Amino acid sequence: MGINGEGIGYIEKTPVFCEGVLPGETAEVRVIESKKTYMRAEAEKILRRSPARIRSVCRYQKSCGGCALMTMKYEEQLKWKKEILAEALLKYGNVKRHFIREFKAAECTTGYRNQCRLPVSFFDGELVTGMYQTNSNHFMTIRDCPAHDPALESFRKKILKVLNRHQMKAYDNRSRRGIRGLMIRVLDETAHVTLITGKESIPQEVIDDLMNIDGLKGVHQSVNTEKNTVGLLGKAVKTIAGEDKITVSIHDIDLRLSPDSFFQLNRAQAEKLYETAVSKIDSCDTLVEAYCGVGAMSLMAASKAKQVIGIENVANAVKNAEENASLNNISNASFLCADAAEGLYKAASRYEIGCLLADPPRAGMDEAMIEAIMKVLPKKIIYISCNPATLAKNLKELKHHYHVESIIPFDMFPNTPQIESITVLERDNY
């Protein structure tokens, strides 16, 4: 299995990547791309099925591509994810598989996503949400998604119903007006919606109708008129009705989140992940959390250190983190708006760092951060990763001064090949 959940076969020792074919299956495939070192193919017929193959619970699974492993039994998914993690660690970091602990499985394999960010189009006389098919600009209407929390699906449909009742239009590139997308977050049965639009004001009657949806507590707007945009959101998000933040409790910590603030999509697994990460922190004078977001783990770990310093380069998230510290009456946590490396140097110039907690993006820690760690040398590192390849590459560098104690994989996104993990590193000769 490849890192994207595709099956791998071989033609004269050249790997052939084919979506929709499981390990152990025999299939007739058609090669659609041929490179010097690999090929890509499409499956035309499964000749011999794997005993791990099951019927997908999603009618869009094949065309959407979001849940590539939904046709595989869950226990088998975890087995292959562990194999992908082990191969990446060995290939890129020379880290042996015996450091990997058992996968922390998810209790719910569907209905776990608490947020959606979906483009909007006009189809059969109404606004619909959907997805763009992989590697294309072809919009595909999606009427329901089993990965979404049922409450999220309910709010999505009610919001679309309001927009269609008021005959709102889909975004048009020429006029730069209309609804371009929806971002909806649901936590504890409370919802906030952000309308991604062109340069226009949302009619007050539309806002009022949206706020009449039971449980919808905030309506926000983000203007995005860029033609070749990477993400749906524009540069800013403004509140146009109701609450400006949504509140969620996680392990006795109350967090208030702005609409565009990052929060784990699988709350149940996030609680287990955070709890495990914090449990690995030894009591110390100074704990630093890099890439701290809105400060969830910094605040959860406040009792582990005399002082906690969170570092985050998104100003709005830092503001949220400071508000969250005040909300929870935690006085020994402070937050810096800075690049991770810059923030670590600042903290180390005043204090000895007992432990570094880090949860970088998929790209992993950059060279500047690795260099900063090598100079500052915290006694312990708790590294949360969502990308086995970049984790392995970072570990290869960190191993010059640290040794791996354990790697604990978490299944944050069932039915997908995504892998989250916690790596515990101790400084050598400490």
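Because the structure is a prediction, the values reported are computed rather than measured. (Residues numbered from 1 in each chain as written. Predicted model: local features only at pLDDT ≥ 70, side-chain atom pairs only at ≥ 80, totals over all residues. Heavy atoms only, no water.)

Draft legend 1. Representation of the overall build of the protein in the model. In terms of regular secondary structure, the protein is built from 10 helices and 20 strands. Here the C-alpha atoms of the protein give a radius of gyration of 23 Å, agreeing with the 22 Å that 2.2 N^0.38 yields for 430 residues. Taken along the three principal axes of its C-alpha coordinates, the protein extends 70 × 60 × 35 Å. In the protein, which comprises 430 residues, the share counted as buried stands at 52%. Residue pairs in contact within the protein that sit at least 24 positions apart in sequence constitute 61% of those at least 6 positions apart. When the accessible surface of the protein is totalled, it reaches about 21000 Å², and 47% of it is carbon and sulfur. (Helix = DSSP H or I, 4+ residues; strand = E, 2+ residues; numbered from the N terminus. Rg over C-alpha atoms; globule rule 2.2 N^0.38 Å. Buried < 20%, exposed > 50% of the residue type's maximum accessible area, 1.4 Å probe, protein only. Contact = heavy atoms within 4.5 Å. Areas by Shrake-Rupley, 256 points an atom, 1.4 Å probe, with all protein chains shown as cover.)

Draft legend 2. Spatial organisation of the sheet that holds strand S17 (residues 355–358). Overall, mixed pairing links the seven strands, which are arranged S16-S15-S14-S17-S18-S20-S19 in an open sheet. Either end of the sheet is taken by a strand with one partner, and the two such strands are strand S16 (333–337) and strand S19 (402–410). Pairs of neighbouring strands in the sheet enclose a mean axial angle of 15 degrees, with direction left out of account. Sheet topology places strand S14 (residues 284–290) next to S17; four bridges connect them, and they run parallel. Counterpart to Ala-290 in the pairing with S17 is Ala-358. Packing against the sheet, helix H8 (residues 340–348) makes contact with S14, strand S15 (305–312), S16 and S17, and its axis sits at approximately 150 degrees to S15. Set on the sheet, helix H10 (residues 388–398) makes contact with strand S18 (380–385), S19 and strand S20 (420–427); between it and S18 the angle comes to about 160 degrees. (Pairing = 2+ DSSP bridges. Axes fitted to C-alpha atoms, helices over the stretch in contact; angles between N-to-C directions.)

Draft legend 3. Structural context of the pattern of salt bridges. Counted according to the given criterion, the structure contains 25 salt bridges. Asp-285 is the partner of Lys-306 in a salt bridge, and the nearest nitrogen-oxygen pair spans 3.5 Å. Residue Lys-306 is located in strand S15, and its partner Asp-285 is located in strand S14; the two are separated by 21 residues in the primary sequence. Accessibility expressed as a relative area gives 65% for Lys-306, which makes it exposed. (Salt bridge = Lys/Arg side-chain N within 4 Å of Asp/Glu carboxyl O.)

Draft legend 4. Here's a closer look at the pairing of strand S8 (residues 179–187). In terms of burial, S8 is largely enclosed, as nine of its nine residues are buried. Here five bridges tie strand S5 (residues 115–123) to S8, and the two strands are oriented antiparallel to one another. Bridge pairing in S8 links Pro-119 to Gly-181. Taken together, the eight bridges between S8 and strand S9 (residues 190–197) define a ladder with antiparallel strand orientation.

Draft legend 5. Quick look at the packing of aromatic side chains. Per the counting criterion, the structure on display carries two aromatic pairs. Arranged with centres 6.1 Å apart and planes meeting at 80 degrees, the rings of Phe-17 and Tyr-38 form a pair that is edge-to-face. Linking Phe-17 in strand S2 (residues 14–19) with Tyr-38 in the loop between strand S3 (26–34) and strand S4 (39–48), this pair joins segments that are 21 residues apart in sequence. Measuring from ring centre to ring centre gives 5.6 Å for Tyr-132 and Phe-139, while their planes differ by 80 degrees; the resulting arrangement is edge-to-face. Here Tyr-132 falls in the partly exposed class, since its relative accessible area comes to 45%. Positioned above the aromatic ring of Tyr-171, the side-chain terminus of Arg-180 is 4.7 Å from the ring centre. One residue, Lys-393, lies across the ring of Tyr-92, its end atom 4.9 Å from the ring centre. (Phe/Tyr/Trp six-rings, centres within 6.5 Å; stacked < 30°, edge-to-face > 60°. Lys NZ or Arg CZ within 6 Å of the ring centre and 35° of its normal.)

Draft legend 6. Broad picture of the sheet that holds S2. On the basis of which strands lie adjacent, the open sheet formed by four strands has the order S1-S2-S4-S3 and mixed pairing. Strand pairing shows two members of the sheet lacking a second neighbour, strand S1 (7–11) and S3, which therefore form its edges. Each strand axis lies, on average, 40 degrees off the axis of its neighbour in the sheet, ignoring direction. Pairing geometry for S3 and S4, over eight bridges, is antiparallel. In the strand pairing of S4, Val-31 is matched with Ala-41.

Draft legend 7. Seen up close, the environment of Ala-170. Position of Ala-170 relative to the elements: it lies in the loop between helix H3 (150–165) and S8. Separated by 45 residues in the primary sequence, Ala-170 and Gly-215 place their C-alpha atoms 25 Å from one another. The residues contacting Ala-170, other than those within four sequence positions of it, are Ser-121, Phe-122, Leu-127, Arg-177, Gly-178 and Ile-179.

Draft legend 8. Seen up close, the nonpolar core. Of all hydrophobic cores here, the largest spans 45 residues; its most connected members are Leu-89, Leu-344, Met-369, Ile-373 and Leu-398. Look past the residues within four positions of Leu-89 in its chain and what remains in contact with it is Asn-94, Val-95, Ile-100, Leu-391, Ala-392, Leu-395 and Ile-407. (Core = buried A, V, L, I, M, F, W, Y, C linked by side-chain atoms within 4.5 Å.)

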